[in-house]
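Examination of the molecular architecture
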Amino acid sequence: MTDWDLTPKRVADSHVTLTQMMEVTDANVGGTVHGGAIMRLVDTAAGLAAIRHAGGLCVTVAIDEMTFLEPVHIGDVLVLKASVTDAGRTSVEVGVRVDALDPISGGSRHANSAYLVFVAVDEHGVPRPVPPLIVESEKEKRRQREASLRRQARLAHKAAVKAAREAEAAEAPGAAEDV
Ligand SMILES: CC(C)(COP(=O)(O)OP(=O)(O)OC[C@H]1O[C@@H](n2cnc3c(N)ncnc32)[C@H](O)[C@@H]1OP(=O)(O)O)[C@@H](O)C(=O)NCCC(=O)NCCS
C-alpha cells in the first residue's frame, strides 16, 4: 500500500486556470455553446484542482449547483478558475468559476459557476486519504463554511434516498432495481 503524503496544503496549491476558445463543434442547434461542452471543461478544470490537492488520481463523485448565468458564443474564450474549497477524509469539494471573454472587445462575463466533489482513489480504485486543507483568508474560510453546508446537504440527500429505497425494497422486493 502507498504511503500518501498528507502534509496540509493551501487553497492556492490546488489553483488551476484552464483557457479554451469555443468553436463551431461546441455549439448546440440554437447556435450558442452547448451546456455539456462547458460541463466537460468544468469537470476537467475541477479534476485537475482535486488531483493537485490530493497528489494523485481523483474521480468525480458528484456535480451540483451548476448555474448557467449567461449564454456563451462561438469565438468566446472561456477562462475556468478552479480550486479546492474543502477537504474531507477521502474527498474534496472544488469550486469552479467560468468567465466568457470576448477576445475582440476584451469584455468578460461571468458565465457559469459550479461545485463538484472528487474522491481520491488508490491503484485499486479504493478511496484513500487526502491532505487537510489550510484556509487562510476570510474568503477561503467563508467558502469552506459554505462547502461544509453543501456536504451535509449532499450526504443527507444520499442517506434519505437510500433509506427510502430500502423501505420500498422491504415492502415490494425488486420494485426499485431499475431506477
Ligand atoms: C467515488 C467512489 C470510489 C466512492 O465509493 P464509496 O463506496 O461511496 O466510498 P465511501 O462511502 O468511502 O465515500 C468516499 C467519500 O466520498 C464521499 N461521497 C460518497 N458519495 C457521495 C455523494 N453522493 N456526494 C458527495 N460525496 C460523496 C463520502 O462522503 C466520502 O468522503 P470523505 O471520506 O471525505 O468523508 C465510487 O462511488 C465510485 O467509484 N464512483 C464512480 C466514480 C467515477 O467513475 N467517476 C467518473 C465519472 S463516471
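Quick look at the structure, then. (Residues numbered from 1 in each chain as written. Predicted model: local features only at pLDDT ≥ 70, side-chain atom pairs only at ≥ 80, totals over all residues.)

So, about the overall build of the chain. Tallying secondary structure elements over the chain gives 2 helices and 7 strands in all. When the elements of the chain are put in sequence order from the N terminus, they spell out β-β-α-β-β-β-β-β-α. With the C-alpha coordinates aligned to their principal axes, the bounding extent of the chain is approximately 60 × 45 × 35 Å. Nonlocal contacts in the chain, meaning residues at least 24 apart in sequence, comprise 73% of its contacts between residues at least 6 apart. (Helix = DSSP H or I, 4+ residues; strand = E, 2+ residues; numbered from the N terminus. Contact = placed C-beta atoms within 7 Å.)

The immediate surroundings of the ligand are formed by 16 residues, with Ala-62, Gly-88, Arg-89, Thr-90 and Ser-91 found nearest. By residue number, the principal contributor to the shell around the ligand is strand β3 (residues 58-68), which donates 4 residues. Counted by class, the shell around the ligand contains 8 nonpolar, 5 polar and 3 charged residues. (Near = placed C-beta within 6 Å. Nonpolar A, V, L, I, M, F, W, Y, C, P; charged D, E, K, R; others polar.)

Right, let's get into the pairing of strand β5 (residues 91-101). With 8 of its 11 residues buried, β5 lies for the most part within the structure. The turn joining strand β4 (residues 77-87) and β5, which pair antiparallel and follow one another in sequence, is formed by 3 residues. Taken together, the 11 bridges between β5 and strand β6 (residues 108-120) define a ladder with antiparallel strand orientation. Paired with Leu-101 across the strands is Ser-108, a residue of β6. Hairpin connection of β5 to β6: 6 residues between the antiparallel strands, including Gly-106 at a positive phi of 85°. (Buried ≥ 20, exposed ≤ 12 C-beta atoms within 10 Å, placed from the backbone. Pairing = 2+ DSSP bridges.)

With that settled, the discussion passes to helix α2 (residues 138-171). Compared with the 50 Å implied by 1.5 Å per residue over 34 residues, the 50 Å span of α2 between its first and last C-alpha is a close match. A small share of α2 lies buried, amounting to 2 of its 34 residues. (Expected span 1.5 Å × (residues − 1).)

Here we take up the nonpolar core. In terms of nonpolar packing, the biggest core is built from 35 residues, with Val-42, Ala-45, Ala-46, Ala-50, Val-94 and Val-96 touching the most fellow members. Looking at this core, the elements with two or more residues in it are α1 (35-54), β4, β5 and β6. Ignoring any residue separated from it by four or fewer positions in sequence, one finds Val-42 in contact with Met-66, Leu-80, Val-96, Val-98, Asn-112 and Ala-114. (Core = buried A, V, L, I, M, F, W, Y, C linked by C-beta atoms within 7 Å.)

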